[in-house]
Amino acid sequence: MDRTRATLLYMFLSIALFGRGTITQGNQDTEGYTAKRTQKQEEQHTHEVHCSRERSRAAWKIIEEYLMPFVEQEKFEISRNCRLHPENDIFRDQEQHKIPVDINDWRCGYCNKIFEVEKFLDQHFDSRHYDLLNVSHSKCLADLCGALHCDLVVDSNSKLSKIKCNTAAAARNHHLCESLASSCFPVNHSPSANRLHELFLRQFCDPHTCSGGRKPFSRGRRKHTSILYLAISILTLMLLPVFYVIVYLYQRENRKGTQVLKRVSQLGQKAKPS
């Protein structure tokens, strides 16, 4: 009887301990799944960057082409509080880590992977190096596209002139443009800032109107030296000495030939009987 009771008690304790372990393992599995799901949600949330890379790239191209040459000429240093400053571009560091390898190939400057198209490199940045983005408020350069006429760069092949002008949008972009001119190039800061302020108004702000008139970027752009022009110039410099050497040798041979003919004619005259 005692042995039977002991056996039943042992079986009861074993079942209780097994059930407790199963419940504990189930809780741990549930907690692990919840943690993984939370981490995945956090990663997905981290990937969400509400800023257009393409339009930010277009905005920076416009700044570099149509503004920075004049800023460099004036030897003016743009403040970090200015939204046109390079550090206020969320994609600037990633864009600087794009290395062109061939006509179409691009190399990632972070991990040295090569991609056939720039678009694939952009996707690689978004999925693998998103943690290197300078994420914060007012860091999206694409937000300034209205003031900077990004559509002329993004949609360069489209006929934007046929699109009906929106008066409200033009006024809004003009106001944004003037605020950029005032914050980046304060009139009372220095003579250089005053000149750049006026240039910015003429270059970017005045065209924001539906009445026509001045076109964007009327003050010009950065002058680029064509690669073809450089190649032709170098080739010309290399071939020019060769050309002169050929001309010199040709003229020398002509002179020798003339002298030989003269000697032959003189000998022929001496050989005639008197």
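Here the structure is shown first, and the text comes after it.
The model shown is predicted, which means the values in this text are computed figures rather than measured ones. (Residues numbered from 1 in each chain as written. Predicted model: local features only at pLDDT ≥ 70, side-chain atom pairs only at ≥ 80, totals over all residues. Heavy atoms only, no water.)

Colleague: What's the story with the state of the cysteines in this structure? I'm lost.
Modeller: Put plainly, two cysteines are in a disulfide when a covalent bond ties their sulfur atoms together. Taken as a whole, this structure holds five disulfides when the rule is applied. One disulfide in the model links Cys-82 with Cys-184; its S-S distance is 1.9 Å. Handedness of the Cys-82-Cys-184 disulfide follows from its S-S torsion of about 80 degrees: it is right-handed. Taken together, the residues span a long stretch of sequence, with Cys-82 in the loop between helix H3 (68-74) and helix H4 (92-96) and Cys-184 in helix H8 (residues 167-184) at a distance of 102 residues. Cys-184 matches Cys-82 in its accessibility class, with the two residues each being buried. Two residues share a disulfide in this structure: Cys-165 and Cys-210, whose sulfurs sit 1.9 Å from each other. Measuring handedness by torsion sign, the sulfur bridge of Cys-165 and Cys-210 sits at about -75 degrees and is left-handed. Of this pair, Cys-165 sits in the loop between helix H7 (151-154) and H8 while Cys-210 sits in the loop between helix H9 (191-205) and helix H10 (227-271), and the two are 45 residues apart along the sequence. (Disulfide = S-S within 2.5 Å. Helix = DSSP H or I, 4+ residues; strand = E, 2+ residues; numbered from the N terminus. Buried < 20%, exposed > 50% of the residue type's maximum accessible area, 1.4 Å probe, protein only.)

Colleague: Would you explain the sheet that holds strand E3 (residues 114-115) in this entry?
Modeller: Backbone hydrogen bonds hold the strands of a sheet together, and the pairing may be parallel or antiparallel. Here we have three strands laid out as an open sheet, ordered E1-E2-E3, and antiparallel in their pairing. Both outer strands of the open sheet, strand E1 (98-100) and E3, are each paired with one neighbouring strand and no more. Pairing between strand E2 (residues 106-108) and E3: two bridges, direction antiparallel. Directly across from Arg-107, in E3, lies its bridge partner Ile-114. (Pairing = 2+ DSSP bridges.)

Colleague: Would you mind showing me how to read the side chain of Lys-139 here?
Modeller: Considering the arrangement of structural elements, one finds Lys-139 in the loop between helix H5 (118-128) and helix H6 (145-148). Buried and without a salt bridge, Lys-139 has Glu-87 as its closest oppositely charged side chain, separated by 6.1 Å. In contact with Lys-139, other than residues within four places in its own chain, are Glu-87, Asn-88, Asp-89, Ile-90 and Asn-134. (Lys, Arg positive; Asp, Glu negative; His and termini not counted. Salt bridge = Lys/Arg side-chain N within 4 Å of Asp/Glu carboxyl O. Contact = heavy atoms within 4.5 Å.)

Colleague: Sorry if this is basic, but what is going on with a nonpolar patch on the surface here?
Modeller: The grouping of Ile-234, Leu-235, Met-238 and Leu-239 at the surface amounts to a nonpolar patch, some 410 Å² of accessible area in total. Among the secondary structure elements, Ile-234 is positioned in helix H10. (Patch = residues over 30% accessible without salt bridge, like charges linked within 9 Å, V, L, I, M, F, W, Y side chains within 5 Å. Areas by Shrake-Rupley, 256 points an atom, 1.4 Å probe, with all protein chains shown as cover.)

Colleague: What should I look at first to understand H9 in this one?
Modeller: The end-to-end C-alpha distance of H9 is 20 Å, a good match for the 21 Å that 15 residues give at a rise of 1.5 Å each. Of the residues making up H9, those classed as buried are Ser-192, Ala-193, Leu-196, His-197, Leu-199, Phe-200, Leu-201, Gln-203, Phe-204 and Cys-205. Contact partners of the buried residues in H9: helix H2 (53-66), H3, H6 and H8. (Expected span 1.5 Å × (residues − 1).)

Colleague: Can you help me understand the packing of aromatic side chains in this one?
Modeller: Each aromatic ring pair is characterised by the separation of its centres together with the angle its planes make. Tallying each qualifying case throughout the model produces six aromatic pairs. Centre to centre, the rings of Tyr-66 and Phe-217 are 4.0 Å apart; their planes meet at 15 degrees, and the pair counts as stacked. Taken together, the residues span a long stretch of sequence, with Tyr-66 in helix H2 and Phe-217 in the loop between H9 and H10 at a distance of 151 residues. The buried category is assigned to Tyr-66, whose relative accessible area is 13%. Plain terms: the ring middles of Phe-200 and Phe-204 are 4.7 Å apart, the flat faces sit at 40 degrees to each other, and that makes the pair tilted. (Phe/Tyr/Trp six-rings, centres within 6.5 Å; stacked < 30°, edge-to-face > 60°.)

Colleague: Got a minute to help me understand unusual backbone geometry in this structure?
Modeller: Most peptide bonds are trans, and most residues other than glycine sit at a negative phi. The backbone of Asn-112 shows a phi angle near 65 degrees, a positive value even though the residue is not glycine. Along the chain, the position of Asn-112 falls in the loop between E2 and E3. Positive phi is not limited to glycine here, since Phe-217 has a value of about 65 degrees. In this structure Phe-217 comes out as buried when scored by relative accessible area, which is 13%.

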